[in-house]
Amino acid sequence: MGITREVLLWGSRNQWLADQLTSRDFTRRAVERFMPGEEMNAGIDATESLRQNQITTILTLLGENVTAAAEADAVVQHYLQLLERIREMAFETDISLKPTQLGLDLDFEETYGRYETLVRRAAQLSRTVAIDMEDSSYVDQTIDLYRRLRADNTNLALCLQSYLYRTTSDLVTLLPLAPTIRLVKGAYKEPRQIAYRRKKDVDDNFLRLTDTLLQEVKSGTGTKVFFGTHDPRIIYEVIARADRLGLPKDAYEFQLLYGIQRELQMRLAAEGYRVRVLISYGASWFPWYMRRLAERPANVLFLLRNLLAN
Ligand code: FDA
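Model, not experiment: these values are computed from the prediction.

Conventions used here
- Residues numbered from 1 in each chain as written.
- Predicted model: local features only at pLDDT ≥ 70, side-chain atom pairs only at ≥ 80, totals over all residues.
- Heavy atoms only, no water.
- Near = heavy atom within 4 Å.
- Polar contact = N/O pair within 3.5 Å; in protein donor to acceptor, adjacent residues only side chain to side chain.
- Areas by Shrake-Rupley, 256 points an atom, 1.4 Å probe, with all protein chains shown as cover.
- 1 Å grid on protein atoms, 1.4 Å probe; cavity = no way out; pocket = protein on both sides within 12 Å on 5 of 7 lines; lining within 4 Å.
- Sits in = over half its atoms within 2 Å of the grid points.
- Helix = DSSP H or I, 4+ residues; strand = E, 2+ residues; numbered from the N terminus.
- Nonpolar A, V, L, I, M, F, W, Y, C, P; charged D, E, K, R; others polar.
- Axes fitted to C-alpha atoms, helices over the stretch in contact; angles between N-to-C directions.
- Parallel < 35°, antiparallel > 145°, perpendicular 65-115°, else oblique.
- Left-handed = near helix turned anticlockwise from the far one by under 90°.
- Contact = heavy atoms within 4.5 Å.
- Core = buried A, V, L, I, M, F, W, Y, C linked by side-chain atoms within 4.5 Å.
- Buried < 20%, exposed > 50% of the residue type's maximum accessible area, 1.4 Å probe, protein only.
- Pairing = 2+ DSSP bridges.
- Right-handed = clockwise from strand over helix to strand, strands pointing away.

A.B. asks: Quick one: what's the story with the site of the ligand, residue by residue and with numbers?
C.D. replies: Surrounding the ligand, one finds 26 residues, the nearest of these being Met-133, Lys-185, Gly-186, Thr-229 and Glu-295. Gly-186 has a polar backbone atom sitting 2.7 Å from an oxygen atom of the ligand. Thr-229 places a side-chain nitrogen or oxygen 2.7 Å from an oxygen atom of the ligand. A total of 940 Å² of accessible area belongs to the ligand in isolation, and the protein chains cover 87% of it. Applying the majority rule of atoms within 2 Å of the grid points places the ligand in the largest pocket. At the level of elements, β4 (156–161), β5 (180–184), β7 (253–257) and α12 (286–295) are the ones that each hand at least two residues to the shell around the ligand. Ranked by the residues each element gives to the shell around the ligand, the list is headed by β7, at three residues. Residues that form the shell around the ligand fall into these classes: ten nonpolar, eight polar and eight charged.

A.B. asks: Hey, could you go over the packing of helix α9 (residues 199–219) against helix α10 (residues 232–244) for me, with residue numbers and the actual values?
C.D. replies: For the pair α9 and α10, the least separation of the axes is 11 Å and the interaxial angle reads 30°. In terms of orientation, α9 and α10 fall into the roughly parallel class. Judged by the twist between their axes, the crossing of α9 over α10 is right-handed. Taking contact as the criterion, the partners of Asp-203, Phe-206, Leu-207, Thr-210, Asp-211 and Leu-214 in α9 are, on α10, Arg-233, Ile-234, Glu-237, Val-238, Arg-241 and Ala-242. Residues that form the contact of α9 with α10 fall into these classes: six nonpolar, one polar and five charged.

A.B. asks: Which residues make up the nonpolar core, and what are the values?
C.D. replies: Membership of the largest hydrophobic core comes to 76 residues, with the highest contact counts inside it found for Leu-82, Leu-97, Leu-158, Phe-227, Tyr-252 and Phe-254. No other element matches α9, which puts seven residues into this core. Discounting residues that sit within four places of it in the chain, Phe-227 has contacts with Leu-183, Phe-206, Thr-210, Leu-214, Val-238, Tyr-252, Glu-253, Phe-254 and Gln-255. Among the nonpolar cores identified, the runner-up in size contains 19 residues, and Trp-285, Phe-286, Met-290 and Val-300 belong to it.

A.B. asks: Let's hear about the pairing of β5: which residues, and what values?
C.D. replies: The two faces of a sheet get side chains in turn, since along a regular strand they alternate between them. For β5, the tally of buried residues reaches five of five residues, placing the bulk of the element in the interior. Burial along β5 is two-sided: Thr-180, Arg-182 and Val-184 and Ile-181 and Leu-183, pointing in opposite directions, are all buried. In this sheet, β5 lies alongside β4 in parallel orientation, the contact comprising five bridges. When the sheet's bridge partners are listed, Cys-159 is paired in β5 with Arg-182.

A.B. asks: Describe the packing of helix α7 (residues 139–152) against helix α8 (residues 167–174), listing the residues and the values that go with them.
C.D. replies: How two helices pack is summed up by the angle between their axes together with the distance between the axes. Taken N-terminus to C-terminus, the directions of α7 and α8 make an angle of 15°; their axes are 12 Å apart at the nearest point. Here α7 is positioned roughly parallel relative to α8, judged by the angle of their axes. When the axes of α7 and α8 are compared, the crossing they make is right-handed. From α7, Val-139, Ile-143, Tyr-146 and Arg-147 reach across to α8, where they touch Asp-170, Thr-173 and Leu-174. Here the residues of the contact of α7 with α8 are counted per class, giving four nonpolar, one polar and two charged.

A.B. asks: Run through the pairing of β4, naming residues and quoting values.
C.D. replies: Among the six residues of β4, six are classified as buried, and the element is accordingly described as predominantly covered. A crossover links strand β3 (residues 129–131) with its parallel partner β4, the connecting element being α7, and its sense is right-handed. Between the parallel elements β4 and β5, the chain passes through α8 in a crossover that is right-handed.

Structure representation (C-alpha cells):
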C-alpha cells in the first residue's frame, strides 16, 4: 500500500482534519467533482440528466458511524422521503446504505429493523436496497444482516470486497441464497494479515470472484452481479469473460461513482451495457472524500492546485 493512501486513510478518521477541511471553500469546490451537492435535490437532478444517456443511478446519503439511535431513525426517514421522490419521478433508481449509518455500532437488532423498513418500502416500488461493506471489523455482522434480510426479501444487494482474503469463502457460503452481489476492490485501510495490498493481487482476486459469479449467473440460479469499478482494464476483462460464457450484455451491470470516468460511463452505456452511477450527496462527506482521494493520487494534486490557487 502506498504511503499516500496510508496517510489519506488515516486522515479520513481524523476529526481535527475534518473540521479544518470541511470549512474551507477550496475543499468544497474540489468535492463538487464527485458530489452534485449536499441536498437530496442535487441527487435527483443529477439522476435526471444521466437518464438522458441511458444511465440509471443509485442514490446514497453520506454518513457513517452514527452515535445515537435518533440519528439512525432520521436516516430512515430521509430514505423513505427519497424513495417517495424516486417514485414521483418514475426513476429506476436504487438506494445504498452503510450499516453504521443505520446504527450498527449501537445495536444489531435495531439496525436490522431499520433496513427491513427500507427494504419493504423499496420492494413496493420495485427498487433495490444495497448494503455497503465498511471496514473489516463489520464484515461478519454485515453478512448476517444480509442473510436475515435475504430470507424474506429479494430486492437486496450486498457489497463484497476483493482485497479481503476471506471474501472467496464468504461468497461460497452466500451462493445458496441466490444473492445479488456488488463486487468492489475495497476502500479501507486493512492489515496485510487479512487483505491483499498489491493492486495486482486485488485485481487477480477480483477476476477470480468474477469468474465464480458469472458462472452462477450462467447457471440461472438467480444470483445477480454488479461490478463496482472504474478500472477500464478490469471492466473489459469482465466483458471478455462474460462473452466467453455466452452471457448477454444485460446479464450483469457496471456501477461507477458519480464524476469518475464519465466518458467510460457514457461509452459503456452507448455500447449497450447496463450502467448505474452511484451518486452520493449530503453534508457528512469528509471521510468518504478522503477515501476517494486515497484511491487516486492525481485527485490529491487536484485538491492541492485548488489550495494554492486560493
Ligand atoms: P483502482 O483504484 O484499482 O484504479 C484502477 C484504474 O481505474 C485507474 O488506473 C484508473 O484508470 C481508474 N480509476 C480508479 N479510480 C479513479 C478515479 N478516482 N478517477 C479516475 N479514474 C479512476 N468500497 C468499499 O469498501 N465498500 C463499498 O460498499 C463500496 N461501494 C462501491 C460502490 C461503487 C458503485 C463503486 C464504483 C465503488 C465502491 N467502493 C466500495 C469503492 C471500491 O472499493 C474502490 O475503492 C474504488 O472503486 C476504486 O477502485 P477501482 O476498481 O475503481 O479502481
